[in-house]
Amino acid sequence: MNSVLHPTYFPNVAHFVAMLHANHIVFEVCDNYQKQTYRNRTSIYGANGRLDLNVPVIYSQKNRQLYKDVKIFNSENWQTQHLKSLESAYRTSPFYEFYIDDLMPLFTSEFETIMAFNLRSIELIFECMQLSIEYSTTSIFEIELENSQDARPLANSRKEITQHFTSYAQVFDDKHGFLNNLSILDLLFNEGPNTELYLKSQTLNL
């Protein structure tokens, strides 16, 4: 079955479970932008627990904008800050050094829109996992989907999924225990080549 998802910033584990179990991935690109979602946020495991990394965007609630049209506020030095946060969180993880160079274009190149940035982040993760996965995009917005799994609610950061995924070793789990459903980066830096197998072994109830 096809799975329809919002492209988010370094999507969390649930997003990737949905993607790897889908026959085909369709990214929703015709919706209105919504604040306080994973569209411009990802969660990693920092020394003090869950840490949210937010991409600053230029958006006004008064004038609705399509997600694909929302621009990144590049006057802020957010890319350097995010890279420093990732280094601080994962430099001692088993596979940080193995993958970080492949992800560097996201932190050294300027992107105009948040959607373009998110799609590139997903493509680079696929490359890191050595997966030849193709996707398509929507042409119209449909509230109700037919013959497709609607995984778009996964982008809502205000309504976290209740199911728990199988635990794996995390850098600071001796301090705060296992943190569920973090960014795919947490899984990739800790599990490396085992990431694909882990994702395929998980189930998702939407």
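The structure under discussion appears in the preceding block.
Just so it is clear, the structure is predicted and the values come from calculations on it, not from any experiment.

Asker: Would you explain the overall build of the chain in this entry?
Answerer: Summing up its helical and strand segments, the chain has eight helices and eight strands in all. Taking 17 Å as the expected radius of gyration for a compact globule of 206 residues, we find that the chain reaches 16 Å, a close match to that expectation. The principal-axis extent of the C-alpha atoms belonging to the chain is close to 45 × 40 × 30 Å. When burial is assessed residue by residue, the chain has 50% of its 206 residues classed as buried. Taking contacts inside the chain between residues at least 6 apart in sequence as the whole, the part at least 24 apart equals 71%. Taking the 16 positively charged and 24 negatively charged side chains of the chain as two groups, their mean positions are separated by 9 Å.

Asker: Where do I start with a negative patch on the surface in this structure?
Answerer: Residues Glu87, Glu97, Asp101 and Asp102 make up a contiguous surface patch of negative charge. For the negative patch, the element with the most residues is helix α3 (residues 96-103), which contributes three residues. Along the chain, Glu87 turns up in helix α2 (residues 78-90). Residue Glu87 is classed as partly exposed on the basis of its relative accessible area, which comes to 39%.

Asker: Honestly, unusual backbone geometry in this entry has me stumped. Any pointers?
Answerer: If a residue is not glycine, its phi is most likely negative; likewise, a peptide bond is most likely trans. We note that Phe10 has phi near 40 degrees; this positive angle belongs to a residue other than glycine. As for its position among the elements, Phe10 is in the loop between β1 (2-5) and α1 (13-21). Despite not being glycine, Asn181 shows a phi value in the positive range, around 60 degrees. One can find Asn181 in the loop between α6 (173-176) and α7 (184-191). Under the relative-accessibility criterion, Asn181 is labelled buried at 6%.

Asker: In this structure, what is going on with the pattern of salt bridges? I would like to understand it.
Answerer: Close approach of charged atoms lets side chains of opposite charge pair. Within the structure shown, the criterion is met by seven salt bridges. One salt bridge in this structure joins Arg152 and Glu28, with 2.9 Å as the shortest N-O distance. Of this pair, Arg152 sits in the loop between β8 (148-150) and α6 while Glu28 sits in the loop between β2 (24-27) and β3 (41-46); the two residues are 124 residues apart in sequence, bridging distant segments of the chain. Across the pair, Glu28 and Arg152 agree in class, each one buried. A salt bridge links Asp31 to Arg39; its shortest N-O distance comes to 2.9 Å. Here Arg39 falls in the buried class, since its relative accessible area comes to 2%.

Asker: What should I look at first to understand the pairing of β3 in this one?
Answerer: Along a regular strand, successive side chains alternate from one face of the sheet to the other. In terms of burial, β3 is a largely internal element, six of the six residues being buried. Residues Arg41, Ser43 and Tyr45 point to one face of β3 and Thr42, Ile44 and Gly46 to the other, with burial holding for every one of them. Relative to strand β4 (residues 49-54), β3 runs antiparallel, the two being bridged by six bridges. Following the sheet pairing, Ser43 is matched in β4 by Asp52. In this structure, the hairpin formed by β3 and β4 is closed by a connection of two residues.

Asker: I keep staring at the sheet that holds strand β7 (residues 135-137) and nothing clicks. Help me out?
Answerer: Strand pairing in a sheet takes place through backbone hydrogen bonds and is either antiparallel or parallel in direction. Strand order in the open sheet formed by four strands is β7-β2-β1-β8, and the pairing between neighbours is parallel. The strands lining the two open edges of the sheet, one partner per strand, are β7 and β8. This sheet shows a mean twist of 30 degrees between the axes of neighbouring strands, independent of strand direction. Together, β1, β2 and β8 form the strand contacts of α1, whose direction differs from that of β1 by roughly 150 degrees.

Asker: How should the nonpolar core be read in this particular structure?
Answerer: Side chains that are nonpolar tend, in soluble globular proteins, to be buried together. If you look at the biggest cluster of nonpolar residues, it comprises 60 residues, and the most contacted ones within it are Met19, Phe117, Ile125 and Leu199. When residues of this core are assigned to their parent elements, the largest contribution, nine residues, is made by helix α5 (residues 114-128). If we skip the residues at most four places from it in the chain, Phe117 touches Tyr9, Val55, Ile72, Trp78, Leu106 and Phe111.

Asker: What is the right way to read α7 from this model?
Answerer: Residues separated by three or four positions in an α-helix point in the same direction, a consequence of the helix having 3.6 residues per turn. Burial analysis of α7 places eight of its eight residues in the buried class, the great majority of the element. All of the buried residues in α7 are Ile184, Leu185, Asp186, Leu187, Leu188, Phe189, Asn190 and Glu191. Lining the buried residues of α7 we find α1, β3, α2, α3, α5 and α8 (195-201).

Conventions we followed
Residues numbered from 1 in each chain as written. Predicted model: local features only at pLDDT ≥ 70, side-chain atom pairs only at ≥ 80, totals over all residues. Heavy atoms only, no water. Helix = DSSP H or I, 4+ residues; strand = E, 2+ residues; numbered from the N terminus. Rg over C-alpha atoms; globule rule 2.2 N^0.38 Å. Buried < 20%, exposed > 50% of the residue type's maximum accessible area, 1.4 Å probe, protein only. Contact = heavy atoms within 4.5 Å. Lys, Arg positive; Asp, Glu negative; His and termini not counted. Charge placed at Lys NZ, Arg CZ, Asp CG, Glu CD. Patch = residues over 30% accessible without salt bridge, like charges linked within 9 Å, V, L, I, M, F, W, Y side chains within 5 Å. Areas by Shrake-Rupley, 256 points an atom, 1.4 Å probe, with all protein chains shown as cover. Salt bridge = Lys/Arg side-chain N within 4 Å of Asp/Glu carboxyl O. Pairing = 2+ DSSP bridges. Axes fitted to C-alpha atoms, helices over the stretch in contact; angles between N-to-C directions. Core = buried A, V, L, I, M, F, W, Y, C linked by side-chain atoms within 4.5 Å.

In short, the description is geometric, and any link to function would need to be established separately.
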